[in-house]
Amino acid sequence: MNQTAKSYLVVDLEVTDPAGMARYKEQAFPMIARYGGRTIIRELNPIALEGDWKPKILVVHEFDSREAALRFYNSEEYAPLKALRQACTRTNGVIVDGVV
């Protein structure tokens, strides 16, 4: 049996423009689904346990593979929404692979 690990787009957001972020979410979440992703975590009050990291809003989107996550993130379709998100938030993000 050939199992492959899922990949996760993990984003820490600080919203600076709530109206812009509302427009972003309206369009981005359905688009993530069209690219095979699904939102599995949206935590508005994460608890930092160690270190200097103080996430504001933590969101995790699951994709079938790293390639699928990158296909979404780098798509021409997502580019205008990415620009909108970057204009209305301060964001840190990574793509990580799960374990099989």
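Residues numbered from 1 in each chain as written. Predicted model: local features only at pLDDT ≥ 70, side-chain atom pairs only at ≥ 80, totals over all residues. Heavy atoms only, no water.

Student: So what about helix α2 (residues 66–73)? Which residues, and what values?
Tutor: Burial in α2 covers these residues: A68, A69 and F72. In an axial view of α2, the angular spread of the buried residues amounts to 100°, which keeps them on one side of the axis. Exposed residues lying more than 90 degrees from the buried face of α2 are E67 and R71. The elements touched by buried residues of α2 are β1 (7–15), α1 (18–34), β3 (57–63) and β4 (89–97). (Buried < 20%, exposed > 50% of the residue type's maximum accessible area, 1.4 Å probe, protein only. Helix = DSSP H or I, 4+ residues; strand = E, 2+ residues; numbered from the N terminus. Arc of directions from axis to C-beta. Contact = heavy atoms within 4.5 Å.)

Student: Pulling in residues and values, what's your account of the sheet that holds β3?
Tutor: The strand order across the open sheet formed by 4 strands is β2-β3-β1-β4, and the pairing between neighbours is antiparallel. A single partner strand is all that each edge strand has here, and the edge strands are β2 (38–43) and β4. Across this sheet, the average inter-strand angle for adjacent strands is 15°, counted without regard to direction. Here β1 pairs with β4 via 9 bridges, running antiparallel. Across the sheet, V10 pairs through a bridge with V94, a residue of β4. Helix-sheet contacts for α1 involve β1, β2, β3 and β4, and the interaxial angle to β2 is about 150°. On top of the sheet, helix α3 (residues 79–88) reaches β1 and β4; it is set at about 125° to β4, its chief contact. (Pairing = 2+ DSSP bridges. Axes fitted to C-alpha atoms, helices over the stretch in contact; angles between N-to-C directions.)

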